[in-house]
Amino acid sequence: MTNFSIQNNSNISFGRIKIPKINWPKPQLLHQSKTLDSIADDTFQRTLQIPESIIKDKIDEKTFNNARNFVMKSINGANPKEGTVIINNGKIVASKVCSAHSGSISGDKILRLAKNPKNNISVIHSHPKTSYGNTMPISYGDFETLNKYPGLKTMYAIDANGNYSLLRKTRKEKISDSAVKNMLKNQYLSGYVNWMNKIDDPDCENLVDLYKYLKFEFNGTEKQKLELLDEFSKLQESIDDAGYAAGYIDSFWKKYADKLGVFYETNFLNLN
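What this report covers is the structure whose coordinates are included nearby.

Calculation criteria
Residues numbered from 1 in each chain as written. Predicted model: local features only at pLDDT ≥ 70, side-chain atom pairs only at ≥ 80, totals over all residues. Heavy atoms only, no water. Axes fitted to C-alpha atoms, helices over the stretch in contact; angles between N-to-C directions. Helix = DSSP H or I, 4+ residues; strand = E, 2+ residues; numbered from the N terminus. Parallel < 35°, antiparallel > 145°, perpendicular 65-115°, else oblique. Left-handed = near helix turned anticlockwise from the far one by under 90°. Contact = heavy atoms within 4.5 Å. Nonpolar A, V, L, I, M, F, W, Y, C, P; charged D, E, K, R; others polar. Buried < 20%, exposed > 50% of the residue type's maximum accessible area, 1.4 Å probe, protein only.

Quick look at the packing of helix H5 (residues 140–148) against helix H6 (residues 177–196) now. Where H5 meets H6, the closest approach of the two axes is 11 Å, and the angle between their N-to-C directions is 165 degrees. The pairing of H5 with H6 is recorded here as roughly antiparallel in orientation. Note that H5 runs across H6; the crossing there is right-handed. Contacts from Tyr140, Phe143, Glu144 and Asn147 in H5 reach Val180, Met183, Leu184 and Tyr188 in H6. Class assignment for the residues of the contact of H5 with H6 results in six nonpolar, one polar and one charged.

This is the structure:
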């Protein structure tokens, strides 16, 4: 799973969220949402939808479709890579094809634009298919960047079929950093681990066990803890690449988006 971020080195980049974890009894395998194998043809037999949010973003349909086509093309080739398009006040100001799982757009100009609350920036980026065949919706990391910079107004994730998952700010005030971190720790992460605990997969089981150990039993050194957190991050990476978290992330946004000052919408086929 990728998340979009703007770094202090003036790069806009994608990275993975690192998650800790919890302990629950093991229910049966959680059935995943529909695979794209059974419904992909339906996408190409109908006109791709245009999100109503582009009106507030001051983006005309032609510009949105040009951006969508750019990021779609980047993940539909023989060597899929993530693409990014940045639009400010209805005009494309940057675009780039990055790596398979991460990427960046460098430049002080982008950072200045993002810091200016008078701007109306939309970030349109692609999310590739997972090994399961579904697509991860917009991430918590995307939200953290959206919340951090006043010039950013909307984040769009586009799947290989041109469908979208988006977060758009609904209030001008920034959610405090402490509130964002508390939501990540207390609601998002605990729910994430709870969800993984319901999936009959070795990586999911190891992730839950490691989280339990770190939270309730670990008493080693800081170096040892960092090594275990790195192992946890690798497990989460594998789990997200498999697509197990797609349904959870979708359910999280439906429940908590309003509390975080954003509007969430998706028409990903594997989530509807």
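To continue, consider unusual backbone geometry. With a phi close to 60 degrees, Lys58 is a non-glycine residue in the positive phi region. On the basis of relative accessible area, Lys58 is assigned to the exposed category, the value being 58%. Even without being a glycine, Asn89 presents a positive backbone phi close to 50 degrees. In this structure, Asn89 sits in the loop between strand E3 (83–88) and strand E4 (91–97). You can call Asn89 partly exposed: its relative accessible area is 36%.

Keep in mind these numbers describe shape, not what the thing actually does.
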